Each structure stands twice: as structure tokens, then as C-alpha cells.
Amino acid sequence: MKFAACIVIPIYNHKDAIGTTVAHLAVHGLPLFVVDDGSDAATQQVLAELARQYADQLTLLRLPVNGGKGAAVMAGLRAAYRAGYTHVLQIDADGQHDATDVPRFLDAARAEPGAVILGRPVYDESVPKARLYGRYLTHVWVWIETLSLTIRDSMCGFRLYPLALACELIDSVRLPTRMDFDIEILVRLYWRRAAFRAIPTRVTYAFDGVSHFDVLWDNVRISRSHTRLVFGMLWRLPMLLAHKFMPRRGVLAEAHTQGQTQPQTQPQPHSHADRGAGSEPDTQASAGQQDWWRIAERGSHLGMSLLALSCKLFGRRFTALWLHPIVAYFLLTGRAAREASGNYFRHLNAAAPHGDTPRPGWLSAYRHMLAFAQSGFDKLAAWSGRVGNADVKFEDPSAFQALAASGKGALVIGAHLGNLEMTRALAAQGAYAKVTAVVYTEHARRFNSVLASANSEFARHLLEVRDFGPETAMLMQERVDAGELLVIVGDRVPAHEAGRTTEARFLGATAPFAQGPYVLAHALGCPVYLFFCLKEQDGYRLYFEPFAERIDLPRRDRAQHLAAWAQRYAARLEHYCRKAPYQWFNFFDFWASPKRGANGRT
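Residues numbered from 1 in each chain as written. Predicted model: local features only at pLDDT ≥ 70, side-chain atom pairs only at ≥ 80, totals over all residues. Heavy atoms only, no water.

1. Concerning the pairing of strand β1 (residues 5-11)
Next, step 1: Counted residue by residue, β1 has seven buried out of seven residues, so it is predominantly covered.
Next, step 2: Of the two faces of β1, the one carrying Ala5, Ile7, Ile9 and Ile11 and the one carrying Cys6, Val8 and Pro10 are both buried.
Next, step 3: Relative to strand β4 (residues 87-90), β1 runs parallel, the two sharing four bridges. The partner of isoleucine 7 across the bridge, within β4, is leucine 89.
Next, step 4: Crossover connection from β1 via helix α1 (residues 18-26) to parallel strand β2 (residues 32-37): handedness right-handed. (Buried < 20%, exposed > 50% of the residue type's maximum accessible area, 1.4 Å probe, protein only. Helix = DSSP H or I, 4+ residues; strand = E, 2+ residues; numbered from the N terminus. Pairing = 2+ DSSP bridges. Right-handed = clockwise from strand over helix to strand, strands pointing away.)

2. A closer look at the sheet that holds strand β3 (residues 58-63)
Next, step 1: If you trace the seven strands from one edge of the open sheet to the other, you get β3-β2-β1-β4-β6-β5-β7, paired in mixed fashion. Edge positions in the sheet fall to β3 and β7 (196-203), since each has one partner strand and no second. Across the sheet, the axes of successive neighbouring strands diverge by a mean angle of 20°, strand direction being ignored.
Next, step 2: By the bridge criterion, six bridges tie β2 to β3 in an arrangement that is parallel. (Axes fitted to C-alpha atoms, helices over the stretch in contact; angles between N-to-C directions.)

3. Some words on the pairing of strand β17 (residues 528-536)
The side chains of a regular strand alternate between the sheet's two faces.
Next, step 1: For β17, a buried count of seven out of nine residues is recorded, marking the element as mostly surrounded by other parts of the structure.
Next, step 2: Note: strand β11 (residues 410-414) against β17, three bridges, orientation parallel. Residue valine 412 lies in a different strand from β17, and its bridge partner there is tyrosine 529.
Next, step 3: As judged from the nine bridges shared by β17 and strand β18 (residues 539-548), these two strands associate in the antiparallel manner. Bridging across to β18, lysine 535 finds its partner in tyrosine 540.
Next, step 4: The turn linking β17 back onto β18 is made up of two residues.

4. Some remarks on the packing of helix α3 (residues 69-82) against helix α6 (residues 163-172)
Next, step 1: The geometry of α3 relative to α6 is characterised by a closest axis approach of 10 Å and an angle of 125° between their N-to-C directions. Accordingly, the angle class assigned to the pair α3 and α6 is oblique. The chirality of how α3 crosses α6 is left-handed. Note on element contacts: α6 touches α3 through Leu163, Ala164, Ala166, Cys167, Ile170 and Asp171, opposite Met74, Leu77, Arg78, Ala80 and Tyr81.
Next, step 2: Residue composition of the contact of α3 with α6, by class: nine nonpolar, no polar and two charged. (Parallel < 35°, antiparallel > 145°, perpendicular 65-115°, else oblique. Left-handed = near helix turned anticlockwise from the far one by under 90°. Contact = heavy atoms within 4.5 Å. Nonpolar A, V, L, I, M, F, W, Y, C, P; charged D, E, K, R; others polar.)

In C-alpha cells, the structure reads:
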């Protein structure tokens, strides 16, 4: 999805200023959403004329009654999000703000698509001194509520929101609808680890300007909001202190705004399994299948390194105890991951309604996330040499032994099920097979760096790719010809929207699966195997089974052949999901179409 911004203008009875405000903003060519917050008839008439004048650029939304600035802004944010925009520039209707600064806000948002861009007012002599000095009381409270000086001005009505983050907040938390909205949304976004950037911008007060700030009641509302936020800060104090050591969610994947494309026949690299015990899927939006690659890992390099150090000093059993509070934290703060977990278990119950099938809920979500954290912890232990061959057993080693004895290379299709990383680490230690994971790890570099520090062999068994052009294909062919096993995953759609998918039945419903693994197998002309590694009571058990001696995709009926291979893979994945229901680690809506999100937006 490319960077797509629009402007939202909340208005209430500013009939004299709105025309000039719209004219100054229209020159920037951005779509305008004007939200009429129950204005009088005269203002409605002016707005109707503006809607006709700027018919190709302006969308007029009307609220039946005056609900307050916050209600109008939230209505505008939701409308822009539904229309497919990624960012909203909010600006007041009264003309106080300098519209020539719009490009500066947009440039800052393009540089950091996940950051909230705030205007930092630069006042001239027109500013009322009572308003100027009164703002500092709110600033101080905001600094207390966030334990930070990051938000320098929380009341400026000129700001830019990343829509996914803002709409996830306003749909999950009841925010005030009056003048205190501007303050509270920023504090709560900060609590969710949003990054903030400030841009100095000129603010002027017209001599005859109309202000809807109620000195008594709006100050009462703001005071009430600060009281609520201070108590919220105290309740979140341990988490806010922990956030001091964690990166903020400012810079998303570069491709999010660059509109990068990849060849339409790309395979699915191994990605989610490259995250660790101290990292969790980010929850800033309920991602559909096409959004998985944009999800930044949660957790800090410091936290993961501390787990690694604890594992070395105190052993696995003691260190594993820390996973429980870590998982509890991510369970409480990870709404999107909880919902995705529940969605998975609902499909699992519908497809296999047995008494021992986990039911959706907080307990199953906790066990699901705990299994994910334990999987990452075991990867770290494996690369640190604390997991030996005795801890990992083949269910039936014959296929793997025959392949190793032949000296041939092969393509191995795995899944985000169990722990695909374990075999790669053990192979490096035992040197009984050349195993290389093909990964897309731009969003999981912190955990990979911890693994690399644990074992210098890690990078040698990792092939990180950004695209699958001719050079990458040639490199893969060279590795297969040299007898290596290339491991990719088949349960993710292509990392960029250009990638092609085919539909298959999975857990009782139709889901999109990548065509890439089968196209790559066809191009390499090598044997194909399936591999799953499940954690069981006595350690890890490996399931290595032949999938195809060779995959041919004739031009005629090519789509049918791809669908057949994808369905065969989906059936085996479903079999192992039923065998180990808590060990499939896809924390997003897997059944969403790759061309739209979970809520159906294109």
C-alpha cells in the first residue's frame, strides 16, 4: 500500500473562515474531508457551496447534532480510513494555522510512516496571553502522564496521524469528544509506543476570530481528562518504564510507503519463525494476510539479549520462568494478536469439533502466545548449543537419511508451525546436512542479531532476500546444485501485493496460499519435501516427508496444477495443526483475501 494522505477539517459555525481555509489547503492537491459538527444553517449553506466548488476534491460529512471537536475528528478519521487513506492531516477550520506547512508535515510522515507528526506552535503578538500561558499547565500534565518530554504541545490543532494506529485506538478505547480529545488521544498513542515528531508552525489569532473554547466547562473536561490519565499512568507505570528501553513504533517497513513491487512468482520466505522469546507480533492493526510483512516485531534487543545472558548464566529452566510475565504483558496489550488467535481457534473448532480442541478465549490465547515465546526461547537455546541431538528426534528418518546420502539438494517447504529453526541450528552443529533458510527478516532483525551473537554459524545458514529476481534465482540454483536444502514456508501469502496466490480449503474455510513455493520448485527442477517440527513432551519431533520428486507446471492448465499443489500442502498443514493446535504461529487473519484486509478494505 502506497502512502496516501488526505486532510480532515472539523468545523462548527466557522462560516466566515472556512472558505479561505479550504482555498489555502486545496492548492496542495490532497483530498479534503470537511466534517460539519452540527453547524447552523448559514454555515451549512457555505459548506454546500464549497462542496460544489471543489466537487472533485472535497467530501462533506454532516453530523446531525453538535458532538464536539473530538467527535468530528473521529468521524473524519474513520471516513478517511474506510476510503483507503493511510494518513490524515488534521487542521482546524478557523484559519489560525499556516497551510503552507502542509508539505513539511507530509515529508515528515513519508520519512516515518508510523509516527505522529505534531505542529509546535510559533505564536506572534496576536496570541492571547491567558491562552498562551494556560497551555503550559496542560503540557506539564502530559509530560507527567507520559513520563516524557516527547509531546511538546498536545493542544495544537495541526497534526498528522497514521490512520491504522489512530483508528485502532479510537475503536478500542472510549475517547472524549470535546476539546480534551486532542490531548487524550496523544497520551494514549504514546502509551501504545507511537513515535512523535514535532514541526514548528506559525499560528495567528484573528482579531475577530470565533472560538468555541468554553473557559469553564472545557477546562473542567480537560481537568477530568488529566485526572483519568494520571491514574492510567500510575496503573501502567511498570510498562511505561519498560518502554524506556524499547524502540517506539515510528518507522514501519520501508516498503509500506515506497510502493515496492516484486516478481509475481515469488516464493514465501521463512519469516515469522525468525522471531524470538522476547518478541511478539505487533498489534497496531489487525493485519490481514497481505499485511503480515509490514508488522514490526515487538520487544527490544536489550530484553532479548538479557534472556540470552540469563540462559547462559542460570540455565534454561530458570530463564524460562521469565516467559510467563512477558507473555502476560503481550497478551494484555496485544489486542490484534488475541483476536487473530481466537479466529484461528474458531476455524479449528469448526473443522475439527473434538472435545480436546482449544476453545477461543483468553486462556487459549495465553497458551498460544506462550508456545510462541517458548519456541523462540528454544531457538536461542539451540543456537547457544544447549539443545542436543537427543532432544530432537525424527518420527521417521528414512526420507531424510536417503536424501542426505544421495548428496542432492532439495527444496523443503515448511510452515510457521512448531519450530522450523531447530533443525537448522542442529544441522549447523552436527554438519550432517546443509540447511539454509530463505528469509524475509527486515522486521525481525533484533532477534536475528541475538541468534547471530549466540552462534557465528547463524548467518552462514541464512539467505536473506528482498526480491526474487534473476540473480536471486541463480543463487538458489547454485545452492541446490551444491547439495543444500533450501527451506521456505508455504503458509504466508507473498510479502508484496504483486505476489500471486491460489485458494485452498484450510480448516473448513477458503484461504489464500502462495503460488511461489511451487513455481520455485518448478524452476529449480529439484525434489520437494515437507517439513514440520513439533514440540512434544519428550522434546522436539521432526516430520520430514516427500512431497514431489519434481513439480511440473505446464502452461496449459497451469492454474489448476498450482491449486492442486497448494491444496495438497494445505491438507498436510491442517493435519499437523490438529496434532499441535497451539503451535501454529500466524497472529493475523490468515483467511483474509490477499487483496483486502480483514475488514474488507482494498
